[in-house]
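Results of the structural survey
The primary structure of each chain is shown beneath.
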Amino acid sequence: MRVFALLFATFMVVACSKNEDPAPQKEAIDITHDYFSFANTDQFVTEHIQLDLTVDFDLKELRGLARLKMRRLDPAATNIILDTRDLHIDGILVAGSEGDGSEAAYEYVQEDPVLGQALKITLPDGLEQEQDLLVKIFYKTDPRASALQWLPKELTAGGKYPFMFSQSQSIHARSWVPLQDTPSVRITYEATIHTPSNLLAVMSADNDPLTPRSGEYHFNMPQPIPSYLLAIAVGNIYFAPIGEITGIYAEPEMLDASTFEFASTQQMVDTAESIYGPYRWGRYDLLILPPSFPFGGMENPRLSFITPSILAGDQSLVSMIAHELTHSWSGNLVSNKTWRDIWLNEGTTSYLEARLMEVLFGKDRADEERVLSYRELLLGLEEVSPEMQALAPLESVDDPDESQGSVHYQKGQLFLQHMEIIFGRETFDPFLSAYFNHFAFQSISSEQFLDYLDQNLLQKQPGKFSREQAEEWLYQPGLPSDAPIPQSATLEKSARLAGSWAAGEVDVNDIPLSSWSPHAIVHFINNLPVDLSEAQLDELDDDFGFSQTHNAEIGRTWFIQVASRRHLPAYEAMEAHLNRHGRTRLIYPVYMALAKNGSDAELARTLFDDAKNRYHPLTVMAIESGFKELE
Ligand SMILES: [Zn+2]
């Protein structure tokens with residue numbers, strides 16, 4: 001996932017915490033246990049799920065039947081515990097190897113603001129000898145289902161049809177399917193989805209680009225996945241191909257721009273396969289969501305969900321696609337066993353993303369992105385406690401939605417980069433490829449990774465990098481003293497020029513900004529001294545047109561400056577930026593800069609009130625919490 005959790009870590013604590021008490025003392029944990037699931041997976045395990053669901057936009061609900069094919073591991077066990085959140089259960093049947101099943105008693109036995117409700121199902125009499133069970137649950141979702149976003153037509157690109165999509169990671173699948181919601185259990189699934197007949201449903205499954213629009217859609221996902229990768233979207237969605245196994249699903253208004261922007265997707269798949277082994281999921285398509293999608297992207301298998309804000313018109317922000325694609329190896333193929341091991345998923349993926357970008361777009365651009373990631377890491381480390389600076393904490397972690405951050409992404413990336421430098425790509429690439437193959441379709445812990453690393457790399461080339469060094473990365477706060485520091489000559493140059501132009505040593509016409517990457521431009525803007533004059537800001541905007549940029553990242557960076565420096569001539573353009581985008585990363589910091597500049601707290605709230613019906617509820621919640629914190 002790409003949520004840019006730095007920001008989310010700040011607001012989700014405020015938004016989600018029902019309990020205002022000071023944080024409890026951290027405790028040492030059983031590192032193999034998933035603390036974010038109620039399920040008794042040591043007694044029963046789900047192998048396959050069959051869904052038959054109707055999508056009701058008027059009631060904002062999914063309703064129907066989930067059939068869970070489960071295996072009993074403990075012959076004495078008679079109660080199944082499933083994870084749920086705000087589900088309305090109408091009845092449960094349980095069958096053995098024969099018959100339709102008998103009614104089972106059920107009740108909620110535990111409730112928690114983060115985990116939801118534990119559903120206990122008591123097996124009916126007569127199934128004592130059965131090892132294979134079929135659990136049929138008739139249910140509907142609640143309009144508040146935390147995984148589902150029901151967008152009115154006004155929040156879509158076309159503005160004519162409603163749109164619904166899911167976001168199951170980390171522990172939200174349980175709000176639309178009753179199940180064992182833990183990454184340690186992998187399931188295959190099938191689904192029949194009923195929709196209004198003019199809309200198309202897609203899932204993290206075998207979407208067929210040629211599916212006729214009928215209002216009834218069938219899906220099959222034959223590869224076992226963890227529950228957080230269950231995904232669905234319904235809307236006025238059309239398909240356009242990119243390459244042999246790649247294509248785009250989007251509203252028709254965004255289809256052409258998307259196929260141009262993401263034209264490199266097939267090449268990305270080919271490149272990743274050539275380094276890390278076969279792509280094992282059949283097709284790789286992208287679903288471009290409406291502008292109000294609050295996140296960057298989500299690696300739902302076979303169909304990544306993507307923000308439209310990376311449609312820059314020049315393919316400059318496609319590292320997001322490289323990120324979501326490479327999750328097909330790290331994360332989706334080899335998954336984290338519990339949420340405490342999320343670095344295995346996100347850190348490895350961030351490393352692979354940079355490698356892919358280097359092959360496709362050159363070393364300069366990849367180095368620029370590595371430097372920007374490193375900058376985020378240094379900022380992120382300042383925000384978390386020493387215990388949570390460990391890649392694989394040995395103490396209890398918070399709500400997995402809140403605790404994911406730059407430690408898991410960028411520190412994990414740097415750990416792998418460190419080993420790449422020490423062993424060389426000729427050794428490290430085949431090691432990673434073999435690792436993906438060895439643990440394919442499994443969910444593993446940080447310690448399983450460590451043991452595999454030790455036996456298959458460290459001990460084979462002794463004296464280069466010790467197990468103790470690897471353990472320092474996994475268990476110690478901060479960064480090891482010999483951690484690599486990414487460098488980028490082009491970013492250094494742009495930062496230097498920002499200073500010398502501001503000091504009057506360089507003429508604005510001598511800044512070759514039009515030949516720079518957007519990353520270098522972002523870095524240039526970020527490195528402008530605080531004491532620029534109004535005339536200097538005008539000169540920059542006149543010459544480089546920052547206020548009119550089509551690149552959302554440049555716009556974000558520029559308008560943060562505009563707001564915090566109170567550069568009034570660009571306020572109109574800033575307002576347009578706030579109205580055009582819905583992704584939290586792009587607008588939240590602009591609102592906060594405005595609210596904090598000493599004069600515009602009221603204006604920030606007025607602009608927000610005018611725009612917020614176009615934003616996603618999660619984004620609205622983030623910004624409102626941000627305002628509240630500033631009061
Ligand atoms: Zn990710």
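This text gives an overview of the structure that appears in the document. (Residues numbered from 1 in each chain as written. Predicted model: local features only at pLDDT ≥ 70, side-chain atom pairs only at ≥ 80, totals over all residues. Heavy atoms only, no water.)

What follows is about the pairing of strand S1 (residues 44-56). Strand direction decides the pairing type here: S1 and strand S2 (residues 61-72), joined by twelve bridges, are antiparallel. When the bridges of S2 are listed, valine 55 appears paired with leucine 62. The antiparallel pairing of S1 with S2 creates a hairpin that spans four residues between the two strands, and lysine 60 there sits at a positive phi of about 50°. Bridging between S1 and strand S11 (residues 186-194) involves seven bridges; their strand directions are parallel. By the bridge assignment, histidine 48 is partnered in S11 with threonine 188. (Pairing = 2+ DSSP bridges. Helix = DSSP H or I, 4+ residues; strand = E, 2+ residues; numbered from the N terminus.)

For tyrosine 108, the location among the structural elements is in strand S6 (residues 105-112). With relative accessibility at 37%, the residue tyrosine 108 sits in the partly exposed group. C-alpha separation for the pair tyrosine 108 and threonine 84, spaced 24 residues apart in sequence, amounts to 9.2 Å. Leave out the neighbours within four places in its chain, and tyrosine 108 touches Thr84, Leu87, Ile89, Gln117, Ala118 and Leu119. (Buried < 20%, exposed > 50% of the residue type's maximum accessible area, 1.4 Å probe, protein only. Contact = heavy atoms within 4.5 Å.)

This brings us to the sheet that holds strand S3 (residues 79-84). Read from one edge to the other, the open sheet built from three strands follows the order S3-S7-S6, with strand pairing classed as antiparallel. The outermost strands of the open sheet, each flanked by one partner alone, are S3 and S6. Direction aside, the axes of adjacent strands within the sheet are offset by 25° on average. In this structure, S6 lies alongside strand S7 (residues 116-122), joined through seven bridges in antiparallel fashion. The residue bridging tyrosine 106 from the neighbouring strand is isoleucine 121, located in S7. (Axes fitted to C-alpha atoms, helices over the stretch in contact; angles between N-to-C directions.)

What follows concerns the pattern of salt bridges. Under the definition given, this model contains 30 salt bridges. For aspartate 367, the salt bridge goes to arginine 370, with nearest N and O atoms at 2.9 Å. Of this pair, aspartate 367 and arginine 370 are both found in helix H6 (residues 363-383), three residues apart, which corresponds to roughly one turn of the helix. Pair check on accessibility: aspartate 367 and arginine 370 agree, each one buried. A salt bridge links lysine 612 to aspartate 609; the nearest nitrogen and oxygen atoms lie 3.5 Å apart. Given a relative accessible area of 30%, lysine 612 falls into the partly exposed group. (Salt bridge = Lys/Arg side-chain N within 4 Å of Asp/Glu carboxyl O.)

Another point: unusual backbone geometry. The amide bond that connects glutamine 169 to the next residue, serine 170, takes the cis arrangement and shows omega of 5°. By the element assignment, serine 170 lies in the loop between strand S10 (163-166) and S11. In this structure, phenylalanine 441 takes a positive phi of about 60° despite not being glycine. Inspection of the secondary structure assignment puts phenylalanine 441 in the loop between helix H9 (425-438) and strand S21 (442-444). Judged by its relative accessible area of 22%, phenylalanine 441 falls in the partly exposed class. Look at arginine 566: it is not a glycine, yet its phi comes out positive at around 55°. Tracing the sequence through the fold places arginine 566 in the loop between helix H15 (552-565) and helix H16 (571-580).

Attention now moves to the sheet that holds strand S16 (residues 246-250). Strand order in the open sheet formed by five strands is S15-S16-S17-S19-S18, with mixed pairing between adjacent strands. Lying at the two open borders of the sheet, with one neighbouring strand each, are strand S15 (238-241) and strand S18 (297-298). Where strand S17 (residues 284-288) lies against strand S19 (residues 303-306), four bridges are found, and the strand directions are parallel. Its bridge partner lying in S19, leucine 286 is registered against serine 304.

Quick look at the side chain of serine 309 now. As for its placement among the helices and strands, serine 309 is situated in the loop between S19 and helix H4 (319-326). Here threonine 307 takes part through its side chain, which lies 2.9 Å from a polar atom of the side chain of serine 309. Within the structure, the side chain of serine 309 is placed 2.9 Å from the side chain of arginine 583, a separation counted as a polar contact. Setting aside residues up to four positions removed in sequence, serine 309 forms contacts with Leu317, Ala552, His581, Arg583 and Leu586. (Polar contact = N/O pair within 3.5 Å; in protein donor to acceptor, adjacent residues only side chain to side chain.)

A contiguous patch of negative charge on the surface is contributed by Asp507, Asp510, Glu539, Asp542 and Asp543. Residue position: aspartate 507 is located in the loop between helix H12 (489-502) and helix H13 (518-526). Given the relative accessible area of 39%, aspartate 507 is considered partly exposed. (Patch = residues over 30% accessible without salt bridge, like charges linked within 9 Å, V, L, I, M, F, W, Y side chains within 5 Å. Areas by Shrake-Rupley, 256 points an atom, 1.4 Å probe, with all protein chains shown as cover. Lys, Arg positive; Asp, Glu negative; His and termini not counted. Charge placed at Lys NZ, Arg CZ, Asp CG, Glu CD.)

As a further point, take the pairing of strand S14 (residues 232-235). With burial as the criterion, each face of S14 is covered, one bearing Ile232 and Val234 and the other bearing Ala233 and Gly235. Where S10 and S14 come together, two bridges link them in antiparallel fashion. Counted as the bridge partner of phenylalanine 165 is alanine 233 from S14. By the bridge criterion, four bridges tie strand S12 (residues 200-203) to S14 in an arrangement that is antiparallel. Opposite valine 202, over in S14, you have alanine 233 as the bridge partner.

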